[in-house]
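# Structure at a glance
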Amino acid sequence: MNSTLQTLKCVPEFVQAISNSTTVSEGDTQASLVKSARGVFQQLKGSSTVNPSVFLESLRQCYPQFAERGEGGHPMQQDAEECMTNILSTCKHVLQNESAMEVEGREMPNSIQDLFGVHVKSTLVAEEGNESEEKEDDVMKLTCHISAETSHLAMGIEEGLNEKIEKFSPAMGKEVIFSKSTKIDKLPKYLIVQFVRFFWRKDSQKKAKILKSIKFPKMLDTYNFATDDLKRALDIHRHAEIVELPDADASNPHPPMEDPRGLAIRYRALIEKHPDSGNVSEWRDAAEKYEKIAEQLAAGEHVPDTSSPLSGKYELCAVLTHQGRVADGGHYMAWTKQSREKWAKFDDDKVSFVDESEIEKLSGGGDWHMAYICLYRLPQVGLTRESHNAKRLKA
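Rules and cut-offs
Residues numbered from 1 in each chain as written. Predicted model: local features only at pLDDT ≥ 70, side-chain atom pairs only at ≥ 80, totals over all residues. Heavy atoms only, no water. Salt bridge = Lys/Arg side-chain N within 4 Å of Asp/Glu carboxyl O. Helix = DSSP H or I, 4+ residues; strand = E, 2+ residues; numbered from the N terminus. Buried < 20%, exposed > 50% of the residue type's maximum accessible area, 1.4 Å probe, protein only. Contact = heavy atoms within 4.5 Å. Phe/Tyr/Trp six-rings, centres within 6.5 Å; stacked < 30°, edge-to-face > 60°. Lys NZ or Arg CZ within 6 Å of the ring centre and 35° of its normal. 1 Å grid on protein atoms, 1.4 Å probe; cavity = no way out; pocket = protein on both sides within 12 Å on 5 of 7 lines; lining within 4 Å. Points joined across faces, edges and corners; volume = space filled by probe spheres on them. Nonpolar A, V, L, I, M, F, W, Y, C, P; charged D, E, K, R; others polar. Pairing = 2+ DSSP bridges. Axes fitted to C-alpha atoms, helices over the stretch in contact; angles between N-to-C directions.

In this section: the pattern of salt bridges. Taken as a whole and judged by the stated rule, the model has 18 salt bridges. For K141, the salt bridge is made with E81, and the minimal N-O distance between the two is 2.5 Å. Of this pair, K141 sits in the loop between strand 2 (132–139) and strand 3 (142–144) while E81 sits in helix 5 (residues 80–100), placing them 60 residues apart in sequence. When its relative accessible area of 11% is taken as the criterion, E81 is described as buried. Between E133 and K167 there is a salt bridge whose closest N-O contact spans 3.3 Å. Of this pair, E133 sits in strand 2 while K167 sits in strand 4 (residues 162–169), and the two are 34 residues apart along the sequence. Here K167 falls in the partly exposed class, since its relative accessible area comes to 23%.

Along the chain, G117 falls in the loop between helix 6 (112–116) and strand 1 (118–126). Sequence separation between G117 and D285 is 168 residues; the distance between their C-alpha atoms is 25 Å. For G117, the residues in contact, after removing those within four places along its chain, are I112, V139, M140, K186, L187 and P188.

Aromatic ring pairs are reported here in terms of the distance separating the ring centres and the angle at which the planes meet. On inspection of all chains with the given rule, the structure shows six aromatic pairs. Taking the centre distance of 6.1 Å and the plane angle of 75° together, the rings of F14 and F116 count as edge-to-face. Of this pair, F14 sits in helix 2 (residues 12–20) while F116 is found in helix 6, placing the two residues 102 residues apart along the sequence. For F14, a relative accessible area of 1% gives the class buried. Residue classification places F116 among the buried positions, given a relative accessible area of 0%. Each ring, one from F195 and one from F216, has its centre 6.3 Å from the other, and the planes form 75°; the classification is edge-to-face. Taken together, the residues span a long stretch of sequence, with F195 in strand 6 (residues 190–195) and F216 in the loop between strand 8 (206–209) and strand 9 (219–221) at a distance of 21 residues. Note on accessibility: F195 and F216 belong to one class, buried. One aromatic cluster in this structure is built from F14, F41, F116 and Y190. A cation sits over an aromatic face here: K167 above F178, 4.8 Å from the ring centre.

Moving on to the layout of surface pockets. Here the second largest pocket is characterised by a volume of approximately 740 Å³. As for the second largest pocket, its lining consists of 26 residues, and the residues nearest its centre are M219, E258, E315, P379 and Q380. With three residues, the top contributor of residues to the lining of the second largest pocket is strand 10 (residues 313–323). Residues of the lining of the second largest pocket, tallied by class, amount to ten nonpolar, seven polar and nine charged.

Turning next to the sheet that holds strand 4. The antiparallel open sheet is built from four strands, whose spatial order is 2-1-5-4. Where the open sheet ends on each side, the last strands, each with one partner, are strand 2 and strand 4. Taking each pair of neighbouring strands and ignoring which way they run, the sheet shows an average axis angle of 35°. Of the strand pairs in this sheet, strand 4 and strand 5 (residues 174–186) are connected by eight bridges, and their pairing is antiparallel. By the bridge assignment for strand 5, N162 is matched with S181.

Keep in mind these numbers describe shape, not what the thing actually does.
Here you go:
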């Protein structure tokens, strides 16, 4: 539970949405869970030890499986992904109900669906006969399937989007194997990816764990998983990565793309080179947006959203790991990004800081902590050292 909450705490918009919630429990277990989560996140803003007992009790009332006990009366190990999914599902339901009530004078923040939801389109083709089916769905995560050939997160996601399933065929009147091909049609601000490490073994009638090492990137590119329509939307901003820039003074080079000034320069260059493009309006809006962000940051102002444009690329901001060789035991921990090179490690009530190089060791393959959930976000922009130096020189 702690690892799940610490991972979700990396999403400030989620924490803000919970904090702004006006829900009261009144016997509603789901509302009670959101209310207790609000209390936990409020406590986590301080520096003292947090007692999550109220939240834990609310979680158990809402989802009784988290209250199960094993031999000796000890609480049973529960799945962190199930915990995260249930928390997000509950918050989504409660916040949607609040929004529907149209609280006067209160603007509700982005919904849980906006923050984490992935809209997908699937095509199912039966391997017997000519039956086919088109489907659309909203999911809260992508899954990384692990086969004998899988070695990288992107490969596992591709396998998860293209699979064979067995379902009833009305045309054939029996269970039939369908080839299912899925593409992403809408991307969120934050992307949750689960490694499918646990599975049910029929021979032993127990859950087993796949220990295989699966490398995961600091920057995940989802472009190849997208529909053609989404690719066209992503291309609007991906052009900024490859545009040829006007010559710059060697002593004052163009800022990099992670600097809002650098982004704005690239959008202005696109407009100059392609004035008749249908994307000029979007490029102009982006240029003005990042010019304003640069001014606000230079003035020391707080900027609530410093995300880069939606180009299909996401940066790693948290990893939830599991240590142990069995699914019903072991230990979960959260690792969250604090700065470019530093990460925080949350081991129950013990918090320490590690170099980013330690995160690369979480791919699995042995008895060390291995990634079970990766949380990605749109890359963040900020003034680079060169921008700060330029500001001082102007002063």
